[in-house]
Amino acid sequence: MTAKDVALQMEKKYALFGLFFAFHNRLQAVGDSFYEEITCKQFFLLACMNLYPREAPTAVELAAVMGCSRQSVKEILFGLEKKGYVRLQADDRDRRKRRIYLTDKARAMAKQYRERETVFMDRLYGGVEEADIAQVYEVLSRMENNLKDMRGGIADENHCDI
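None of these values were measured; they are calculated from a predicted model.

Trainee: Where do I start with the overall build of the protein chain in this structure?
Mentor: The helix and strand tally for the protein chain stands at seven helices and two strands. Mapped from its N terminus to its C terminus, the protein chain presents α and β elements in the order α-α-α-α-α-β-β-α-α. In terms of principal-axis extent, the alpha carbons of the protein chain reach across some 55 × 40 × 30 Å. Looking at the protein chain residue by residue over its 162 residues, the buried ones come to 23%. Considering only residue pairs separated by 6 or more positions, the protein chain has 52% of its internal contacts joining residues 24 or more positions apart.

This is the structure in structure tokens:
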């Protein structure tokens, strides 16, 4: 019996719950092999940096977007800083805050991979209609909000499983 056969026998809520984990593992494995220089988690952080066009984000701001703790973001940042993809600098208005900036090396890598990323996204979403993508996005966004509401107990954000 295949994993798909087992999933078909399960209640859909439980099968989908398991699929989230299997999908995460496969996505991370493919993502980790996609870039020679960085991991999938590091790529996700760099991609999230683009959500802040006006002012460079802090680790706390990135943690909120990425759905994990500031400490987890700091560990990812340490690796990226060591490789020369980000630079941390004290905020001009509040010296306690450290802002995160992309380096020229990060921008060059983004440019280098842009075409491959487009091909990857096309393959990932192959055969999936735009309306289906929009619907899945809506459903997952609602589920994410439910998880945020469950903070503490079950949905504790003390880790970063991205």
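Trainee: Is there a simple way to explain the pattern of salt bridges in this structure?
Mentor: Side chains bearing opposite charge may pair, as long as their charged atoms lie close to each other. Counted according to the given criterion, the structure contains six salt bridges. One salt bridge connects R99 with E61, and the closest N-O pair in it is separated by 3.3 Å. Of this pair, R99 sits in strand β2 (residues 98-102) while E61 is found in helix α4 (residues 59-66), placing the two residues 38 residues apart along the sequence. Residue classification places R99 among the buried positions, given a relative accessible area of 4%. Measuring nitrogen to oxygen at the nearest pair gives 3.0 Å for the salt bridge that ties R96 to D94. Counted as one network, the salt bridges with shared partners bring together E55, E61, D91, R93 and R99.

Trainee: Please clarify how the packing of aromatic side chains should be interpreted in this entry.
Mentor: The description of an aromatic ring pair uses the distance of the two centres, along with the angle that the planes make with each other. Overall, the coordinates contain six aromatic pairs when judged by the stated rule. Pairing F34 with Y35 gives two aromatic rings, centres 4.7 Å apart and planes at 75 degrees, and the pair type is edge-to-face. Accessibility expressed as a relative area gives 12% for F34, which makes it buried. Using a relative accessible area of 6% as the deciding quantity, one classes Y35 as buried. An aromatic cluster is present here, built from F34, Y35, F43, Y113 and F120 joined pairwise through their rings. Lying over the aromatic face of Y85, K105 brings its terminal NZ or CZ to 4.9 Å of the ring centre.

Trainee: So what exactly am I meant to see when it comes to the packing of α4 against helix α5 (residues 70-83) here?
Mentor: Packed helices, taken two at a time, are described by the angle between their axes plus the distance between the axes. Taken N-terminus to C-terminus, the directions of α4 and α5 make an angle of 105 degrees; their axes are 8 Å apart at the nearest point. The angle between α4 and α5 places the two elements in the roughly perpendicular class. Here A59, V60, L62, A63 and M66 of α4 lie close against α5, whose contacting residues are R70, V73, K74, I76 and L77.

Trainee: When you look at helix α3 (residues 40-49) in this model, what are you seeing that I'm missing?
Mentor: Turning to α3, its buried residues number three or more, namely C40, Q42, L45, L46, C48 and M49. In this structure, the buried side of α3 is in contact with α2 (12-34), α4, α5, β1 (86-90), β2 and α6 (104-124).

Trainee: Looking at this structure, how should I read α4?
Mentor: Each α-helix winds once per 3.6 residues, and so residues spaced three or four apart point in a common direction. Those residues of α4 lying buried are A59, L62, A63 and M66. The buried side chains of α4 occupy one side of the element, clustering within an arc of 105 degrees when seen end-on. Within α4, the exposed residues directed more than 90 degrees away from the buried face are V60 and A64. Packing partners of the buried residues in α4 comprise α3, α5 and β2. Directly beyond the C-terminal end of α4, a positive phi value near 80 degrees is found at G67.

Trainee: Teacher, can you tell me more about the state of the cysteines here?
Mentor: Structurally, a disulfide amounts to a covalent bond that connects the sulfur atoms of two cysteines. Within the structure shown, the criterion is met by zero disulfides. Unpaired in this structure, C40 has its nearest cysteine sulfur neighbour in C48, at a distance of 11 Å. For C40, a relative accessible area of 17% corresponds to the buried category. Between C48, a cysteine without a disulfide, and C68, which holds the nearest cysteine sulfur, the sulfur-to-sulfur distance is 8.8 Å.

Rules behind the numbers
- Throughout this document, residue positions are counted from 1 along each chain, in the order its sequence is written.
- Selection of residues for local features in this predicted model requires a pLDDT of at least 70, selection of side-chain atom pairs for listing and counting requires 80 or more, and totals for whole chains, interfaces and linings are taken over all residues.
- Only hydrogens and water are removed before side-chain values are computed, so all heavy atoms of the structure are retained for them.
- In this description a helix means any DSSP run of H or I spanning at least four residues, a strand means any run of E spanning at least two, and both kinds are numbered starting from the N terminus.
- The rule is simple: take the accessible area with a 1.4 Å probe, protein chains only, and divide by the maximum for that residue type; under 20% is buried, over 50% is exposed, in between is partly exposed.
- Residue contacts are defined here by distance: any two heavy atoms, one from each residue, within 4.5 Å place the two residues in contact.
- In what follows, salt bridge is the name for a side-chain nitrogen of Lys or Arg lying within 4 Å of a carboxyl oxygen of Asp or Glu.
- By convention, a stacked pair of Phe, Tyr or Trp rings (six-membered ring in the case of Trp) has centres within 6.5 Å and planes under 30 degrees apart, an edge-to-face pair has planes over 60 apart, and any other such pair is tilted.
- A ring has a charge above it when a Lys NZ or an Arg CZ is no more than 6 Å from the ring centre and no more than 35 degrees off the ring normal.
- The axes used here are C-alpha line fits, helices contributing only the stretch in contact, and every angle between their N-to-C directions lies in the interval 0 to 180 degrees.
- Roughly parallel means an angle under 35 degrees; roughly antiparallel, over 145; roughly perpendicular, 65 to 115; everything else is oblique.
- The arc in question is the one spanned by the directions pointing from the helix axis to the C-beta atoms.
- Cysteine sulfur atoms are paired as a disulfide whenever they fall within 2.5 Å.

Read these as spatial facts, not as claims about activity.
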